[in-house]
Amino acid sequence: MNDTSSRPDLPDRLSGDSRSKHYVEEIFEHEIGIKLNGKELTNVEEYCISEGWLKVPSPKALDRRGQPMLIKLKGKVEAFYK
């Protein structure tokens, strides 16, 4: 069931927002995990491995379109398939 040959390579930068140019639909057909400084996070909206940041939604603040504001966290980012 864990056939790694059918999985696409994880990109350097990936967004979970389908309106973003960094959104890759084929990646989200598989379950992926993101770690920041060795701690796995489950609510990541976007990440960039080479620049060392990821964005998570704010718990309360919303933008003018009603979407959660994103908070940028910096550190060592790792992306992997579960």
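Up top you'll find the structure we're talking about.
Let us look at the structure shown here. (Residues numbered from 1 in each chain as written. Predicted model: local features only at pLDDT ≥ 70, side-chain atom pairs only at ≥ 80, totals over all residues. Heavy atoms only, no water.)

**Digging into the packing of aromatic side chains**
Using the criterion set out here, one finds one aromatic pair in the structure. Pairing Tyr23 with Phe28 gives two aromatic rings, centres 5.3 Å apart and planes at 15°, and the pair type is stacked. We note Lys72 situated over the ring of Trp53; from NZ or CZ to the ring centre the distance is 4.8 Å. (Phe/Tyr/Trp six-rings, centres within 6.5 Å; stacked < 30°, edge-to-face > 60°. Lys NZ or Arg CZ within 6 Å of the ring centre and 35° of its normal.)

**Some words on the environment of Lys74**
Counting through the fold element by element, Lys74 comes out in strand 6 (residues 68-74). When the C-alpha atoms of Lys74 and Cys48 are compared, they prove to be 9.8 Å apart, with 26 residues separating the residues in sequence. Each residue touching Lys74, except ones within four places of it in the same chain, is listed here: Leu36, Asn37, Gly52 and Trp53. (Helix = DSSP H or I, 4+ residues; strand = E, 2+ residues; numbered from the N terminus. Contact = heavy atoms within 4.5 Å.)

**Looking at the layout of surface pockets**
As a volume, the largest pocket reaches approximately 250 Å³. In terms of residue count, strand 6 provides more of the lining of the largest pocket than any other element does, three residues in total. Of the residues contributing to the lining of the largest pocket, the split by class is four nonpolar, three polar and six charged. Lining the second largest pocket are 17 residues; nearest its centre among them are Phe28, Ile32, Ile34, Thr42 and Val44. Elements supplying a minimum of two residues to the lining of the second largest pocket: strand 1 (13-15), strand 2 (32-36), strand 3 (39-41) and strand 4 (46-48). At three residues, strand 2 tops the list of elements feeding residues into the lining of the second largest pocket. (1 Å grid on protein atoms, 1.4 Å probe; cavity = no way out; pocket = protein on both sides within 12 Å on 5 of 7 lines; lining within 4 Å. Points joined across faces, edges and corners; volume = space filled by probe spheres on them. Nonpolar A, V, L, I, M, F, W, Y, C, P; charged D, E, K, R; others polar.)

**Brief notes about the sheet that holds strand 5 (residues 53-62)**
The four strands lie next to each other as 1-4-5-6, forming an open sheet whose pairing is antiparallel. Looking at which strands have only one partner, the edges of the open sheet turn out to be strand 1 and strand 6. The sheet shows a mean angle of 20° between the axes of neighbouring strands, direction not considered. Taken together, the three bridges between strand 4 and strand 5 define a ladder with antiparallel strand orientation. In the sheet register, Cys48 faces strand 5, and the bridge partner there is Trp53. (Pairing = 2+ DSSP bridges. Axes fitted to C-alpha atoms, helices over the stretch in contact; angles between N-to-C directions.)

**Some thoughts on the environment of Gly52**
Its location among the elements puts Gly52 in the loop between strand 4 and strand 5. Along the sequence, Gly52 and Glu29 sit 23 residues apart, while their C-alpha atoms lie 24 Å from each other. If near-sequence neighbours (up to four positions away) are discounted, Gly52 is found in contact with Leu73, Lys74, Gly75 and Val77.

**Brief notes about unusual backbone geometry**
What is expected of a backbone is that most residues other than glycine have negative phi and most peptide bonds are trans. Here the phi dihedral of Asn37 falls at roughly 55°; this positive angle occurs in a residue that is not glycine. In this structure, Asn37 sits in the loop between strand 2 and strand 3.

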